[in-house]
Amino acid sequence: MAIQPSKLTQMAVRFGIAIFLWADLSASAADPTNVQQYWLELINRMRIDPAAELENLTNYSVPGTSFAPSSSDDPFVRQALAYYGTSASTLASQWTSLTPAPALAWNGLLSNTAVTYSNVMVNLDTQAHDLDGQTLDSRILNGGYTAQYLELGEALFATTENAFHGHAAFAIDWGDDDTNPGNGFGTGIQNPASHRLDLMFENYKEIGIGFQTESLFGKVNVTGPIVTTQHFASQFRQVGLTYVADAILTGSVYADTVLNDQFYTPGEGVASAALFVYNDTTHALVKSGATNSAGGFNILLDGLIAGQTYRVEAPSTGLAAQTFSINSRTVLYGNSVPGDPDVPVTYYDNVYAAFEMVPEPGSAFLVALAAAWFGGSASRRRKHA
C-alpha cells in the first residue's frame, strides 16, 4: 500500500488533531514473558553488531571457509545446519554484507496478533501465511496496531525448539536455495534470505513475538514445541505538515545470576526498576519509565533532539549512567499519483541500553537455555525509495 500525502491528510481530518501521538507503549498490551524478552535481546544483539552475532550462532574451523566439527554450540542448530548442508563459506560471505541497524522495541499489540496467528497455524496444522483469510496489514491492524503504519512484516517458524534455536533459524535462514530443484538443498540457505533481511531491516522499529505451545498433540506439520510468529512494524505521527517516526529507548535491566555471561538470560530480569532520561548538557529530566515484569523497558523519546547528548540512569542498579544521542534520517515513501512528490518521513532511530547488575562472588548460577527447525516471512510496506 503506497502512502500518499492525501491519505496522511485524511488521517489528520479523521482524528481531528494536528499532532498524532503514538499508542501508549507501556500500556498497549501485556508485558513480554522472560523468554520473549530473551529472544528480543538476541535480535537486538544481532542488529547492533551483526558481525559478532555469526560467532555466537556458529563455530568455524577456518574463519569464513568451513564449520568446525561442532558447527554450533546448540545441538538443534547443529542438526539443522547438517540436515540442510548449509555452506559455511556462503553464509560467511553473505554475512559480510550486513550492516548494523537500530534496536527493536517490544510492542504488546504486535505480540498479541502474533500469538493469534500462531494459534491459527496450530488449529490448521499448517505453516503458511494468510491462513486466516486476512492480508498482513488487516491482520495486524485488526489487532489494534495503528493505521499510521510505515512498515509491517511477519515471520513464521512452526517447529521452534527454543528461543536461541528460533533466532538462529531466522538469522541463518537455513533451507533450500531452490537453485537446483529436486537435487538437494544447494547452499542450504534460503534464496533470498528474507528472514535475515527482515531481522536486519533498518526501518522496522517495533516487534511482537508470539508463541503457542499447547494443543500440539497429533499435529503433523506444526509440531513446535514452540510455534512462533513474529510481527514487525513501524509507525509515524504528524506534526503540522511533517511526518515523524519517533525514537524509542529500549533494553533491559537484569541481574546476571542465572548464567554469568554478561547477557540477559530468562529469569534474570529486574522488574519495576525506575529509569530516568536527562539532557546531559542542562541536566533537565526529559523522560522516565520503568522496567516491565521481564526486566525490559521501552521509553518513547518523542520531542528529543537529534545530535543532542542525553543520559539514562537506573539508580536502583547502582550502575553508572549511560549516554546516547539520537540519529535522524529521512526515508521517502512513494506516491502512486503520477507527478506528485514522494513523502519524506523523518526517522529517529531507536536507542538501546542495558544495565547488568553483576552477581556477588559465590552466587549460584543456574543454566536455563533451550533451541529447533524453520519458517516463512512476509512483509507489507508503504512504498519507500
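1. What about the overall build of the protein chain?
Then, in step 1: Looking only at helices and strands, one finds nine helices and 18 strands in the protein chain.
Then, in step 2: Here the protein chain, with 385 residues, has 51% of them falling under the buried criterion.
Then, in step 3: When the accessible area of the protein chain is evaluated, it comes to approximately 15,900 Å², of which 54% is carbon and sulfur surface.

2. Quick word on the sheet that holds strand β16 (residues 343-348)
Then, in step 1: Reading across from one edge, β7-β8-β16-β15 is the order of the four strands in this open sheet, with mixed pairing throughout. Edge positions in the sheet fall to β7 (237-239) and β15 (328-333), since each of these pairs with one other strand and no more. On average, each strand axis in the sheet is inclined to that of its neighbour by 35°, with strand direction left out of account.
Then, in step 2: Alignment of β15 against β16, held across six bridges, turns out to be antiparallel. Counted as the bridge partner of Thr 330 is Thr 346 from β16.

3. Observations regarding the sheet that holds strand β10 (residues 274-279)
Then, in step 1: Strand order in this open sheet of four strands is β11-β10-β13-β14, and the pairing throughout is antiparallel. Looking at which strands have only one partner, the edges of the open sheet turn out to be β11 (285-290) and β14 (322-325). When the angles between neighbouring strand axes are averaged without regard to direction, this sheet yields 25°.

4. Brief notes about the packing of aromatic side chains
Then, in step 1: With the rule as written, the count across this model stands at 13 aromatic pairs.
Then, in step 2: Through successive ring pairs, a cluster of aromatic residues spans Trp 39, Phe 157, Phe 170 and Phe 211.
Then, in step 3: Cation over ring: Arg 45 sits above Phe 263, and NZ or CZ is 4.5 Å from the ring centre.

5. Observations concerning the pairing of strand β13 (residues 309-313)
Then, in step 1: Pairing between β10 and β13: four bridges, direction antiparallel. Directly across from Asn 279, in β13, lies its bridge partner Tyr 310.
Then, in step 2: As defined by bridge partners, β13 adjoins β14 across four bridges and the pair is classed as antiparallel. Bridge pairing links Thr 309 to Ser 325 in β14.

6. Re the packing of helix α3 (residues 50-57) against helix α5 (residues 88-95)
When two helices pack together, their arrangement is given by the angle between the helix axes and the distance between those axes.
Then, in step 1: α5 packs onto α3 with a crossing angle of 155° between their chain directions and a minimal axis gap of 10 Å. By the angle between their axes, α3 is roughly antiparallel relative to α5. Residue-level inspection shows Pro 50, Ala 51, Glu 53, Leu 54 and Leu 57 of α3 in contact with α5, the latter providing Leu 91, Ala 92 and Trp 95.
Then, in step 2: Split by residue class, the contact of α3 with α5 holds seven nonpolar, no polar and one charged.

7. Concerning helix α2 (residues 34-48)
Then, in step 1: The terminal C-alpha atoms of α2 lie 21 Å apart, and with 15 residues this matches the ideal 21 Å at 1.5 Å per residue to within 8%.
Then, in step 2: Every buried residue of α2 is accounted for by Gln 36, Gln 37, Tyr 38, Trp 39, Leu 40, Glu 41, Leu 42, Ile 43, Asn 44, Met 46 and Arg 47.

Quick notes on the rules
Every chain is numbered independently, its residues counted from 1 as its sequence is written. pLDDT decides what is reported in this predicted model: residues at 70 or higher carry local features, side-chain atom pairs at 80 or more are listed and counted, and totals for whole chains, interfaces and linings draw on all residues regardless. Excluding hydrogens and water, the side-chain values take into account all heavy atoms of the structure. Helical segments are the DSSP runs of H or I of at least four residues, strand segments are the runs of E of at least two, and each set is numbered from the N terminus. Exposure classes here rest on a 1.4 Å probe applied to the protein chains alone. A residue is buried below 20% of its type maximum, exposed above 50%, and partly exposed in between. All accessible areas in this document rest on Shrake-Rupley with a 1.4 Å probe, and a residue is counted as covered only by the protein chains that are shown. Strands pair, by our definition, only if DSSP identifies at least two bridges between them. Angles shown run from 0 to 180 degrees and are taken between the N-to-C directions of axes, each axis being a line fitted to C-alpha atoms and, for helices, limited to the stretch in contact. Only Phe, Tyr and Trp rings take part, Trp by its six-membered ring, and two of them pair if their centres are within 6.5 Å. Stacked means planes under 30 degrees apart, edge-to-face means over 60, and tilted covers everything else. In this analysis the charged atom, NZ for Lys or CZ for Arg, is taken to sit over a ring once it is within 6 Å of the ring centre and within 35 degrees of the ring normal. Here roughly perpendicular refers to angles of 65 to 115 degrees, roughly parallel to angles under 35, roughly antiparallel to angles over 145, and oblique to all remaining angles. Contacts are residue-level and defined by heavy atoms, with any inter-residue pair within 4.5 Å sufficient. The nonpolar class holds Ala, Val, Leu, Ile, Met, Phe, Trp, Tyr, Cys and Pro. Asp, Glu, Lys and Arg form the charged class, and all remaining residues, Gly among them, are polar. Helices are assigned an expected span. That span is 1.5 Å times one less than the residue count.

Coordinates in, geometry out; function isn't part of it.
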